[in-house]
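# Observations on the model geometry
Residues per chain, in single letters:
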Amino acid sequence: MKILKIEFENINSLKGRHEIDFTKAPFTVSSLFAITGPTGSGKSTILDVISLALFNMVPRLGKISKNDIINKGALLTRNQKEASARVTYQAKKGIFASEWSISTNRNNNLRDYEMFIYDMATEKPLDYKKSDVPSKNEELIGLNYNQFIKSVLLAQGDFAQFLKAKKDERGELLEKITGTGIYRQVGVKAYQKFKSENAEIEERQREINLLKNDLLEEEVLKELKSTLAEKTKICEPLEKEIQQLDRLIQLKKNISEQEAQILTQEKLKNVAVENISLFEEINGLKLKQHEEVQVFAEDLRAWQHLDKTCTELKQELATHKRGEKENTQNISTCLAKIKNFLKSEPETGEIETHLQTFSKNVRKLQQQRDEKLTQYRHLEKQFNSELREVPFQLIGNLEAEELKLKELKAAGENNLVALKQNLKQVNLEKPETEKARLKQMLQQGRKAQQEWVAITNLSAEVEKATKEEKELLPQIEVLPQEISSAKKEMQILQKDVENLQLKRENELLKASLEEHRHNLVDGQPCPLCGSTEHPYASDLPFKNDNLQEAILKLKKEVSELERQIMTRDTSLAHHQKRLLELQLLIQENNRRLELQKRHFEEEYLAINPSGENWEEFCSSREEKLDLLERFEQEKRKLSAVLAGLPIISEIKAVLVQGRQIKEELDSLYTGNDIETDCLELQNIWTKLQHEKATMTRQGKELNQKMDERTIALEKLEQSLQPKITEANCREIKEALQRLLSENEYLQLRKKRDELTSEKAKIEASLKTLREQLGQLQQKDVPEPLAVLKDRLKEVNSQRSLLNEQCEELRRKQRNDKERREKIDNIEALLKSTKARIKRWELLNNLIGDATGKKFNDFAQDLSLSQLLVLANRRLIDLSDRYRIDKPMDEEDDSLVAIDEHMGGQRRSVKTLSGGETFLLSLSMALALSDLASKNVEINSLFIDEGFGTLDPETLDQTLDTLEKLQAESSKTIGIISHVDSLKERIATQIQLSRNGQGYSSLEIKG
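A brief look at the structure comes next. What you are looking at is a predicted structure, and each value in this text was computed from that prediction instead of being measured.

### Thoughts on the overall build of the protein chain
The secondary structure content of the protein chain amounts to 24 helices and 17 strands. Each of the 1006 residues in the protein chain was classed as buried or not, and the buried ones make up 36%. A separation threshold of at least 6 residues defines the contact pool for the protein chain, and within that pool the share at least 24 residues apart is 72%.

Structure (structure tokens):
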């Protein structure tokens, strides 16, 4: 995988669009380049762009969302409305470009981010959702996000710490660097799994121990069985006696119940006899009389029906006569109503014809009225349509409205004359053309006004920069003289310090020889200098105790001068740099100012040759546009008024005709629906005529039925007379009164039969009960019931006591048996459980512990071994002197460097120099890149080491190493640093700098 191009816009402090193309010069000349700039200038932003475009993640923030950008102020440059990041890379399957972007809508609210991936062979986007783009990049590159940032971004600082760490710390550091914390989690999970599985076994074992504590001994069990057998044997005769006593007591109860039942049945028999007597007293005569006339009951009922029918026919004839009279009155009323409705005297036979003719005439007048109304509404609509430009509507007073319309006409004509006077320079025959011309001039005027403001502002910037340049020049001339003067003064002070220090040293030396001075003898040589004269043996020279204070005071003055020189050097460099920037800025702004003025003269002076103020120029064009709009509006209003005047005249004529039709219609009909009213009258008249004919026919039929029923009734009375006399009845109605209804007769006969049957059943039951009582009395004993119950209670008490004792013994045996069975079941379950968790026990013994340290140490030791193999391969390419190895038991905990130049001597890495440590840590970082990328070839590396901490010699050695690495591997290697000395060694640079507004700029140099 190789990165070919990085493009981004408005990311962090890097405002605007930026592009880094590794396929073009100067990167094609040298693939080793430096990313330099001061702290906070945006060096790490370039790495953020790469991970953002590929995975929507950045190392410092993780996964990016719209809320992260809003809440944390991340990524999007301040005061900008859109941002994007795009990386073009080469993979095994071809060249692809991955793009991330975000923007704000017109309400300045941030939209959600977008991601696309392009196949550069076709330059078309692949069909993936934005959430799928990171996983597609992972598939194409062959690295996930964590592997990518460990393979492409190398931070040796972690490995420098890792090299010197103790054994206990090394596993944690390696876990952090490689991201292999999963081993620790696996060890903890193995421990927790075994603990949870083994907890069940421990719980079961505790349960077995508790159960075993409660088991009975064999001797106790034997004694329980023997005691239970003895007590069971004693219970058998008691059970037999209890059964015998229960039978005798139950027999005495049965005898008492039988006697009670006999007494009850005798009472029921007496009640039945009384019920039969009462029934005969109440219903006997009634049944007898009914049975006497029951023989000719059908003839009696037929006579009753005919008599009732004749009575009903008489009532119907009376009702019919009243109906005929009412019908005659209704016909007379309806005829009067029709005459009043038609306002004429039609014949009764021509009523329907007259109603139809009247309805036709009324409908014709209504149609004429509706036509005039439609015509009026059409004219009103036409009037409103014509005068839609004029705030005018018809409200009913046509004369006043017509007068007002004429006034509007006169006012419009006057307004047009006044507007024409103000628009003399405008061709009013072509208003649209003139409006377009004025609008174009207005747009050009506003644009000219904006450009003139820009020219004015640029001139002000030039003037400001020139003023600052004049202020800086005197300072730049004075500062070198002040620096030179301060340096001379500092040299003089330094010499004074040296003299005083020498004098101070001599005094200290003399003080150290004080013991020897006491031993000097005149005439004898000094053991130190050989002199025979000793002037200071007794009289010591004057000792100046203020020398040290003077030296300190002079050193303080020298330090102050050094600070002043450094401050003035810094100010001079800053002023010179600022002066150069100002000169370039003045030169560039003068060039831009000249171009803008030339462009302004060529573009805009032609439309304003008189040099009129641009604000007044735009205002006059806007005023003419407004007048032209008003002229067209007034013209449209006047045209509408002229069109509306004739329409009012037509409306007036239509209203006169409509009133005439309405008066004629109101004289004939004032209702709402003529057809309904006529049809209703016609239906009423027809209905009354049909009703009259029907009543005439019904009257004839009723008289005929009355005659037939009267004859039949007389014949039936003659045939019934001898039967009535035989039954001792005076007339037919008396016989009918004796006759019961069929239902009543059946109920009374059924009741009599039931009473007789019930009496017979009671007598049979009494006979059976007496026989059963005699049989029970033969089996009875002479002892009273109370004596038997007392004896039964005594025997039951004895048996209950024995049963409780026996049940207690059985319970103890049963509990002991259940415990033994439960222990067997638990032991069988434990056996299967232990077999099932055997693998978890083994796994826990091998890798498990509460913190996961056991398996993590083992796994990280394997990772370290693999990492050291890869690191030594890299180290051979970089240097043939050292190899890295794990420490032996007797050695220090830190890693060991094997010095091949010293016969394979093993040295702790803590004894290595800074350059040697960097060499080993770089090989470790490159090894991690190999380990993370596995089978993926990585041809782009960004090394973030912190070169500012290295001394010049180590820095040179480091750059030699990196140049060798780049030359041998053909990788594109970027070094991120703010060390200025890198600029001398690495020609290809991406330089980042900050300006005074908080933004940064990017420049590529080669």
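After that view, the rundown keeps rolling.
### Focus: the pairing of strand β16 (residues 989–994)
Successive residues of a regular strand alternate their side chains across the two faces of the sheet. With three bridges joining them, strand β3 (residues 32–36) and β16 adopt parallel strand pairing. Bridged to A34 within β16 is Q989. Relative to strand β17 (residues 1000–1005), β16 runs antiparallel, the two sharing six bridges. Bridge pairing in β17 links Q989 to K1005.

### Quick word on the side chain of D899
In this structure, D899 sits in strand β12 (residues 896–899). D899 sits in the buried class, given a relative accessible area of 1%. Discounting chain neighbours no more than four positions away, the residues touching D899 are R881, Y882, G904, Q905 and R907.

### Comments concerning helix α10 (residues 351–386)
An α-helical turn contains 3.6 residues, so any two residues separated by three or four positions project in the same direction. With 36 residues, α10 extends 53 Å from end C-alpha to end C-alpha; this agrees with the ideal 52 Å at 1.5 Å per step. When we look at burial in α10, the residues that qualify are I351, L355, F358, S359, V362, L365, Q366, K372, L379 and F383. Buried residues along α10 sit in contact with α9 (297–342), α11 (398–422), α15 (614–668) and α16 (674–726).

### Quick notes on the packing of aromatic side chains
Taken as a whole and judged by the stated rule, the model has seven aromatic pairs. Ring centres of F27 and F33 lie 5.3 Å apart, and the angle between their planes is 85°; on these two criteria the pair is classed as edge-to-face. Consider the rings of W452 and F600, whose centres lie 5.4 Å apart with planes at 40°: the pair is tilted. Of this pair, W452 sits in helix α12 (residues 431–512) while F600 sits in helix α14 (residues 547–604), and the two are 148 residues apart along the sequence. Among the aromatic residues, those joined into a cluster by ring pairs are F22, F27, F33 and F942. Over the aromatic face of Y118 sits the side chain of R86, whose NZ or CZ is 4.9 Å from the ring centroid.

### Structural notes on the packing of α9 against α16
The contact between α9 and α16 brings their axes to 7 Å, and the two run at 160°. With respect to α16, the element α9 is oriented roughly antiparallel. The handedness of the crossing between α9 and α16 comes out as left-handed. For the contact of α9 with α16, the class distribution of residues is 25 nonpolar, 11 polar and 13 charged.

Thresholds, definitions, all that
Residues numbered from 1 in each chain as written. Predicted model: local features only at pLDDT ≥ 70, side-chain atom pairs only at ≥ 80, totals over all residues. Heavy atoms only, no water. Helix = DSSP H or I, 4+ residues; strand = E, 2+ residues; numbered from the N terminus. Buried < 20%, exposed > 50% of the residue type's maximum accessible area, 1.4 Å probe, protein only. Contact = heavy atoms within 4.5 Å. Pairing = 2+ DSSP bridges. Expected span 1.5 Å × (residues − 1). Phe/Tyr/Trp six-rings, centres within 6.5 Å; stacked < 30°, edge-to-face > 60°. Lys NZ or Arg CZ within 6 Å of the ring centre and 35° of its normal. Axes fitted to C-alpha atoms, helices over the stretch in contact; angles between N-to-C directions. Parallel < 35°, antiparallel > 145°, perpendicular 65-115°, else oblique. Left-handed = near helix turned anticlockwise from the far one by under 90°. Nonpolar A, V, L, I, M, F, W, Y, C, P; charged D, E, K, R; others polar.

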